[in-house]
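The lines below spell out each chain.
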Amino acid sequence: MPTYVCFSLAGQLSAEQKHRMAEELTAAHSEEMHAPRYLVQVVFQSLPAGDCFIGGQPAPSGQIWIRADVRAGRTGEQKLRLTRRIATAAAQIAGCTLDDLWVYLNELPPENMIEFGHVLPVPGHENEWLNGLSSPLRERLTGLEKKSPAGEA
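Conventions we followed
- One numbering rule holds for all chains: residues counted from 1, following each sequence as written.
- Where totals are concerned, whole chains, interfaces and linings use all residues; where local detail is concerned, this predicted model gives features only for residues with pLDDT of at least 70, and gives and counts side-chain atom pairs only at 80 or more.
- In computing side-chain values, all of the structure's heavy atoms are included and hydrogens and water are not.
- By definition, two strands form a pair when at least two bridges between them are found by DSSP.
- Helix numbering and strand numbering both begin at the N terminus, where a helix is a DSSP run of H or I of at least 4 residues and a strand a DSSP run of E of at least 2.
- What counts as an axis is a line fitted to C-alpha atoms, over the stretch in contact for a helix, and the angles between N-to-C directions run from 0 to 180 degrees.
- The contact criterion used throughout is that any non-hydrogen atoms of two residues lie within 4.5 Å.
- Note on handedness: a crossover is taken as right-handed if, strands pointing away from the viewer, the path from the first strand over the helix to the second is clockwise.
- Exposure classes here rest on a 1.4 Å probe applied to the protein chains alone. A residue is buried below 20% of its type maximum, exposed above 50%, and partly exposed in between.
- Each reported salt bridge corresponds to a side-chain nitrogen of Lys or Arg within 4 Å of a carboxyl oxygen of Asp or Glu.
- Residue types Ala, Val, Leu, Ile, Met, Phe, Trp, Tyr and Cys, when buried and joined through side-chain atoms within 4.5 Å, form a set referred to as a nonpolar core.
- A helix is expected to reach a length of 1.5 Å times the quantity of its residues less one.

Caption draft 1: The arrangement of the sheet that holds strand β1 (residues 3-9) in detail. Taking strand neighbours across the sheet as the criterion, the four strands line up as β2-β1-β5-β6 in an open arrangement whose pairing is mixed. Either end of the sheet is taken by a strand with one partner, and the two such strands are β2 (41-47) and β6 (101-108). Strand after strand, the sheet turns through a mean of 15° between neighbouring axes, direction not considered. Direction of pairing for strand β5 (residues 64-71) relative to β6: parallel, over a ladder of eight bridges. Bridging from a neighbouring strand, V70 pairs with E107 of β6. Helix α1 (residues 15-33) contacts β1, β2, β5 and β6 of the sheet and is inclined by roughly 140° relative to β2. Where helix α2 (residues 76-94) meets the sheet, its contacts fall on β1, β5 and β6, and the angle it forms with β6 comes to roughly 145°.

So this is what it looks like as structure tokens:
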């Protein structure tokens, strides 16, 4: 957790743009919400033209929707900083305007989520949670934490 799902029209984002957006969403969430990078998941969904509507009319090309399911327990200020940061970065990476972006944060109680076979901790207790995982899984996840923004160890 969190899981970010980025919806855009098929072919709108290149593989490089997706990689850059995944890195920015990961960094933004980790820094603004004080969560380990290894918990951030980013999924891209390409939608065929004609499958998106706003007000009952086909959505203009260029629209991007970013929906995130996040653990509850952060301040309103943290969430506002995060959504603004995501929108600004996504617009720059995708080459669109802020008018073309929609960003949603949906909060879930941590006890409603299981990842890696364990109920997620409340924010701020990630280290205790991590220590309860198997050694191989803990090493795999902490290895993700050590990756540089360029994806190099």
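Caption draft 2: Spatial organisation of the pairing of β2. Strand direction decides the pairing type here: β1 and β2, joined by seven bridges, are parallel. Looking at the pairing, V5 lines up with V43 of β2. Handedness of the crossover joining β1 and β2 through α1 is recorded here as right-handed.

Caption draft 3: Up close: the environment of V119. Examined against the element boundaries, V119 turns out to sit in strand β8 (residues 118-119). Classification of V119 as partly exposed rests on a relative accessible area of 44%. C-alpha separation for the pair V119 and W129, spaced 10 residues apart in sequence, amounts to 8.6 Å. Contact partners of V119, with chain neighbours within four places excluded, come to P110, E111, M113, I114 and W129.

Caption draft 4: Structural context of the pattern of salt bridges. Tallied over the full model, the rule gives nine salt bridges. Measuring nitrogen to oxygen at the nearest pair gives 2.7 Å for the salt bridge that ties R85 to E31. Taken as a pair, R85 in helix α2 and E31 in helix α1 lie far apart in primary sequence, 54 residues in all. Taking relative accessible area as the criterion, R85 reaches 23% and is therefore assigned partly exposed. For E31, a relative accessible area of 47% translates into the label partly exposed. Residue R85 is joined to E32 by a salt bridge in which the shortest nitrogen-to-oxygen separation is 3.2 Å. Placement of the pair is R85 in helix α2 and E32 in helix α1, with a sequence separation of 53 residues.

Caption draft 5: How the structure looks around the nonpolar core. Membership of the largest hydrophobic core comes to 20 residues, with the highest contact counts inside it found for Y4, M21, I64, I66 and I86. The leading source of residues in this core is α2, at six residues. Ignoring any residue separated from it by four or fewer positions in sequence, one finds M21 in contact with C6, L13, F44, I66, A90, I93 and A94. Counting residues in hydrophobic clusters, the runner-up holds 10 residues, among them M1, Y38, W129 and L137.

Caption draft 6: Highlighting α2. Helix length check: α2 (19 residues) gives 27 Å between terminal C-alpha atoms against 27 Å at 1.5 Å per residue, within 8%. Of all the positions in α2, only Q78, L82, T83, I86, A87, A89, A90, A91, I93 and A94 are classed as buried. Of the surrounding elements, those touching the buried residues of α2 are β1, α1, β5 and β6. Following α2 by one or two positions, G95 has its phi on the positive side, about 70°.

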